[in-house]
Each structure stands twice: as C-alpha cells, then as structure tokens.
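Chain residues, written in single-letter form:
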Amino acid sequence: MENNNEPIVLGTLKKEKSSKPIFVFIVLGILIATVFSFPYIEDYVKSPDNFIGKIYTSIFGEEEIIEEDNVIEEDSLFILNSQTNINIYNINLTSISLNNNIITYNLKAINNTLNLDNNNYFLEIYGSNKNLLERIKLTGNLTNKIEERTFTFHDLKFNSGTSYYGKIIILKDEEYEEVILSTDESGIASITCQKLSDKYEYTFENYLLKRINHTYAFTDTSNLDYYLSLFEEYSNLVKTINNLGASASITETNEGFVFTASLDLEKLINNLNNRYYYLLNKQAKIINYDMKLEGFICN
C-alpha cells in the first residue's frame, strides 16, 4: 500500500511538566529548620538524661560544665566591702575589710588547689573615680579552705565613706616595665631590696635570676620566749637549706641573732617556704616590681 510520501504519525510525546515552585520552598524550609535545630539536637545528644546521651557520654566522655557564677568579664570592677565575692581564674576572694592603710580579705581556690606563684596574680585597688591606686600580689598555694590574709599599704590610706573597687588580673611578663641594671662584661648584675630586718640581694645573668643572698637580723630580745621560738625557727631553716645543697648559717649577737643564706639556684631544689626566694631564671623586672610593691626599697 502506498502512502504517497505522506508522513505517518506513530505517537505523540507528552509535554514535560515544569517543576512546581512549592517544591523548592518545601526543601528550603526543611534545610532552614535543620540548621536552626542543630543546637537543640546537640544538647539532646550530649544530655546524660536520655538513652542517646548516655551512649554519647560513654564514648566521648562528659563535657566540663562551667558555672555561670564563676564566669566574669576581666574588666569588671567589684565594690570592695564585706559583701565582695570575686570568682575568676579558680580564685574566690571574699569578705574585704578596709581600715586605715590595711586591707583584710578571705581567699581560697574554687576547685581543688591552685599555686598562685605559677602566674603573676594581682588584686588591683581602684578609687571612687575608677582610677587605679595600688596592686597586691597574690601568692602561695590555695586550697578549698578559706585563708584570711592581710596586707599593709605604705602609700595608700582608705577613707571611711569612700567607695573603693577592685578586680583580679594576671599580669603577663611582657607587661612589666623594663628595669635597667648596671651589668659587667659577663652580663652579671644585682638588685638589693631591704625592708626592716630583711635584706635580699638578687644576682642576675643577662637579667635572669641565678643567686639569692638573704640576711635577716633580729635585734629585739625584750620577749625572751618569742626570741627563743624565732631563733629555733631560723635554726631549723638553716638545717633545711644546708640539706638542700645551699649554704646558710645563724649567729647570736649581743642584740639578738643574724641569719644568712646563700642560694645558688642552679643547684638548689627550691621548696623553701619564702615567697621572696624566687625560682631560677626569674626576670629582673618582675622581681624589682614585686619587691617594691611589697614595700621593699630596691636599688
């Protein structure tokens, strides 16, 4: 049968349906909802109060939770009085009393223990105009047992009726003001600091501490019991220092006694209970600043 070159229609194709806009909005909505729900999903997964959370904790361990009460801004100032409660750097400082030129306060570690000597911790004192007046160096080992501490200022007197403020800071080594020492050709120099009966001579090599010479002269024998007790205390210290590989001695005089110690820090294992016995290689600028802050005359 002839078709006379006429085209034959075998079938027809359906027009492709265009994608509907509503589908795009549905997908977009699911993505947005998923993103915003991430924090809630994370809290649920990490919560030990549900089955999934218990599995997560057993695998990855429990997250450390920081109590909001212990988180403060470093620049925050607290009024200093009996109600003061400062929590920062694992330090809790409370119950401040200001009387004449004396400040009394309670100090403890928030968690476990803290060796304050590992960093340069200070309590800064500000006046009513929020101007910095003085700093107190916080030292020693803290536990969770409250310690009462007292500090006497030499150039600051508190006025009753005036508001004073404070905060705790860590002063970085590079923030200390540089000190210029007269060094010899070997880079050896020294600083001598004296207050009342105590004299400390610090010897540095290239501005790093190497040796300490300490002299303590006690000249009050009016209270014999106290004199004997103090003499025994320093006699025991002499034995301890000598046993540690350094050199110390005690000599009685007509007025009392004189204790001397020569500490070569490169040989001495420093576990002596004296915050002025700084560790090997302590920077000269830090010692000079801290000792002057304590009321020592240093030159």
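Details of the structure are given in the entry above.
These lines cover the structure that appears in this document, whether it is placed above or below. For every chain, the first residue of the written sequence is number 1, and numbering continues from 1 onward in sequence order. Local features are withheld for residues below a pLDDT of 70 in this predicted model, meaning they are given only at 70 or higher, and side-chain atom pairs are given and counted only at 80 or more; totals for whole chains, interfaces and linings count all residues. Hydrogens and water are ignored here; the side-chain numbers use all heavy atoms of the structure.

A word on the environment of G295
Alright, step 1. A helix here means a DSSP run of H or I that spans at least four residues, while a strand means a run of E at least two residues long, and both kinds are numbered starting from the N terminus. Checked against the element boundaries, G295 lands in the loop between α4 (284–293) and β16 (297–298).
Alright, step 2. Distance from G295 to F153, taken between C-alpha atoms, is 7.8 Å for residues 142 residues apart in sequence.
Alright, step 3. If we skip the residues at most four places from it in the chain, G295 touches H154 and K195. Contact between two residues is taken to exist if any of their heavy atoms lie within 4.5 Å; hydrogens are not considered.

Overview of unusual backbone geometry
Alright, step 1. One non-glycine residue, K130, adopts positive backbone phi at about 65°.
Alright, step 2. One non-glycine residue, N206, adopts positive backbone phi at about 55°.
Alright, step 3. Structurally, N206 can be placed in the loop between β12 (198–205) and β13 (208–218).
Alright, step 4. A relative accessible area of 52% means that N206 is categorised as exposed. Type-normalised accessible area, obtained with a 1.4 Å probe on protein chains alone, sets the label of each residue: buried when under 20%, exposed when over 50%, and partly exposed for intermediate values.

Digging into α4
Alright, step 1. The buried count for α4 comes to 8 of 10 residues, which makes it a mostly enclosed element.
Alright, step 2. Within the span of α4, buried status applies to A284, K285, I286, I287, N288, D290, M291 and L293.
Alright, step 3. Where α4 terminates, the next one or two residues include G295, which has phi positive at roughly 95°.

Some details on the sheet that holds β13
Alright, step 1. In this scheme, strands are said to pair when DSSP sees at least two bridges between them. With respect to topology, 6 strands assemble into an open sheet ordered β14-β15-β13-β12-β11-β16, the strand pairing being antiparallel. Looking at which strands have only one partner, the edges of the open sheet turn out to be β14 (247–252) and β16.
Alright, step 2. Pairing between β14 and strand β15 (residues 257–264): 6 bridges, direction antiparallel. Of the residues in β15, the one forming a bridge with T251 is V258.
Alright, step 3. Working convention: axes come from line fits to C-alpha atoms, limited for helices to the stretch in contact. Angles between N-to-C directions cover 0 to 180 degrees. Relative to the sheet, helix α3 (residues 224–243) contacts β13, β14 and β15, its axis offset from that of β14 by approximately 155°.
Alright, step 4. Across the sheet, α4 touches β11 (188–195), β12, β13 and β16, and the angle it forms with β12 is around 165°.

Comments concerning the pattern of salt bridges
Proximity of charged atoms lets side chains of opposite charge pair with each other.
Alright, step 1. A side-chain nitrogen of Lys or Arg and a carboxyl oxygen of Asp or Glu constitute a salt bridge if their distance falls within 4 Å. What the rule picks out here adds up to 7 salt bridges.
Alright, step 2. With its nearest N and O atoms 3.2 Å apart, the salt bridge here joins E147 to R149.
Alright, step 3. The class of E147 is partly exposed, set by a relative accessible area of 25%.
Alright, step 4. Exposure remark for R149: the relative accessible area of 17% places this residue in the buried category.
Alright, step 5. Among the ionic pairs, K210 bridges to E266, the shortest N-O distance being 3.9 Å. With K210 in strand β13 and E266 in the loop between β15 and α4, this pair connects stretches of sequence that are 56 residues apart.

Focus: the side chain of K285
Alright, step 1. You can see K285 is positioned in helix α4.
Alright, step 2. On the basis of relative accessible area, K285 is assigned to the buried category, the value being 7%.
Alright, step 3. Excluding residues within four positions of it along the chain, K285 makes contact with D173, E174, Y176, E177, E178 and V179.

Considerations on the layout of surface pockets
Sizing a probe to match a water molecule and rolling it over the atoms shows the empty space that remains.
Alright, step 1. In this analysis a 1.4 Å probe is tested at points of a 1 Å grid over the protein atoms alone, and where it fits but cannot get out there is a cavity; an open set with protein on both sides within 12 Å along at least five of seven lines is a pocket; lining residues have an atom within 4 Å of a point. Grid points are joined across faces, edges and corners, and a volume is the space filled by probe spheres set on the points. Reported here for the largest pocket is a volume of approximately 1,200 Å³.
Alright, step 2. When contributions to the lining of the largest pocket are tallied by element, the ones reaching two or more residues are β7 (132–137), β9 (147–152) and β12.
Alright, step 3. No other element matches the 4 residues that β9 contributes to the lining of the largest pocket.
Alright, step 4. In the lining of the largest pocket, the residues fall into 14 nonpolar, 15 polar and 9 charged. Residue classes follow a fixed rule: Ala, Val, Leu, Ile, Met, Phe, Trp, Tyr, Cys and Pro count as nonpolar, while Asp, Glu, Lys and Arg count as charged, and any other residue, Gly among them, counts as polar.

Considerations on the state of the cysteines
Alright, step 1. Note on terminology: disulfide denotes any pair of cysteine sulfur atoms within 2.5 Å. For the coordinates displayed, the defined rule picks out 1 disulfide.
Alright, step 2. One disulfide in the model links C193 with C298; its S-S distance is 2.1 Å. Between C193 and C298, the S-S torsion sits near 115°, and that sign places the bridge as right-handed. In this pair, C193 sits in strand β11 while C298 sits in strand β16, placing the two residues 105 residues apart along the sequence.
Alright, step 3. On the accessibility criterion, C193 (0% relative accessible area) is buried.

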